[in-house]
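Residues per chain, in single letters:
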Amino acid sequence: MVGKKVTYPYHVVASAGESKEVTILTNTEARPLKITRIVTVFPLGDYGELYISYWVGVKQVHPETGELNGDNVIWDDDVDITIPSGSSLKLKYRNTNDTEVREAYIHVIGEYE
């Protein structure tokens with residue numbers, strides 16, 4: 001039986017010099033949520049100055065090491081990430097530009113098992 005498919009959009013707006021951790025989703029279902037795809041879009045004009053990584057608890061889950069960044073780049077990645085019931089997927093970002101806002105668009109796609 002196929003589970004319920006879900007998409008969680010998120011828009012990152014990082015103020016100049018800002019570093020932050022935000023919750024994209026919390027699994028409130030009584031079953032695991034399997035994330036199968038994460039799309040991270042850095043629009044034209046980001047100049048590779050916004051860095052993003054995804055976390056479950058204290059473990060970085062995407063990318064496995066380092067951070068995503070880019071300018072006019074779409075990272076469309078197949079992933080295999082399980083979010084247990086009661087746990088959250090978090091996004092950590094940092095804007096290395098001290099004067100300008102940087103942004104990214106996120107789509108997290110998955111299915112409840």
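Look up: the structure comes first, before these words.
Worth saying up front: this structure is predicted, and the values here are computed from it rather than measured. (Residues numbered from 1 in each chain as written. Predicted model: local features only at pLDDT ≥ 70, side-chain atom pairs only at ≥ 80, totals over all residues. Heavy atoms only, no water.)

S.K.: In this structure, what is going on with the nonpolar core? I would like to understand it.
M.R.: By size, the foremost hydrophobic cluster in this structure holds 26 residues, and its most contacted members are Ile35, Ile52, Tyr54 and Leu91. The set of elements that each furnish at least two residues to this core consists of strand E1 (5–14), strand E2 (19–26), strand E3 (33–42), strand E4 (50–56), strand E6 (73–83), strand E7 (88–95) and strand E8 (102–112). Not counting chain neighbours up to four residues away, the residues in contact with Ile35 comprise Leu25, Val79, Asp80, Ile81, Ile83, Val108, Ile109 and Gly110. (Core = buried A, V, L, I, M, F, W, Y, C linked by side-chain atoms within 4.5 Å. Buried < 20%, exposed > 50% of the residue type's maximum accessible area, 1.4 Å probe, protein only. Helix = DSSP H or I, 4+ residues; strand = E, 2+ residues; numbered from the N terminus. Contact = heavy atoms within 4.5 Å.)

S.K.: I'm lost on the pairing of E4 in this one. Help?
M.R.: Looking along a regular strand, one sees the side chains alternate between the two faces of the sheet. E4 sits mainly inside the fold: six of its seven residues count as buried. Relative to E7, E4 runs antiparallel, the two sharing seven bridges. If you follow Tyr54 over to E7, its bridge partner there is Leu91. As defined by bridge partners, E4 adjoins strand E5 (residues 59–62) across three bridges and the pair is classed as antiparallel. Each residue of the ladder has a partner; that of Trp55, found in E5, is Gln60. Here E4 folds back onto E5 in antiparallel fashion, the turn holding two residues, of which Gly57 has a positive phi close to 65 degrees. (Pairing = 2+ DSSP bridges.)

S.K.: I tried to follow unusual backbone geometry on my own but got confused; where do I start?
M.R.: That bond from His62 to Pro63 is cis: its omega, -15 degrees, falls within 30 degrees of zero. Looking at where Pro63 falls in the secondary structure, it is placed in the loop between E5 and E6. One non-glycine residue, Tyr47, lies in positive phi territory at about 55 degrees. Following the sequence through the fold, Tyr47 ends up in the loop between E3 and E4. Given a relative accessible area of 59%, Tyr47 falls into the exposed group. Positioned with a positive phi, Asn72 is a non-glycine residue whose angle comes to about 60 degrees. On the basis of relative accessible area, Asn72 is assigned to the exposed category, the value being 55%.

S.K.: Which parts of the structure should I look at to understand the environment of Glu49?
M.R.: Considering the arrangement of structural elements, one finds Glu49 in the loop between E3 and E4. Taking the C-alpha atoms as reference points, Glu49 and Asn69, 20 residues apart in sequence, are found 7.0 Å from one another. At 2.8 Å, the side chain of Glu49 forms a polar contact with the side chain of Arg102. (Polar contact = N/O pair within 3.5 Å; in protein donor to acceptor, adjacent residues only side chain to side chain.)

S.K.: Any chance you could explain the packing of aromatic side chains here in plain terms?
M.R.: How two aromatic rings sit relative to each other is given by the distance of their centres and the angle of their planes. Enumeration according to the criterion identifies zero aromatic pairs in this entry. In this structure, Lys92 is placed above the aromatic ring of Trp55, and the distance from its NZ or CZ to the ring centre is 3.8 Å. The aromatic ring of Tyr51 is capped on one face by Arg94, whose charged end is 4.3 Å from the ring centroid. (Phe/Tyr/Trp six-rings, centres within 6.5 Å; stacked < 30°, edge-to-face > 60°. Lys NZ or Arg CZ within 6 Å of the ring centre and 35° of its normal.)

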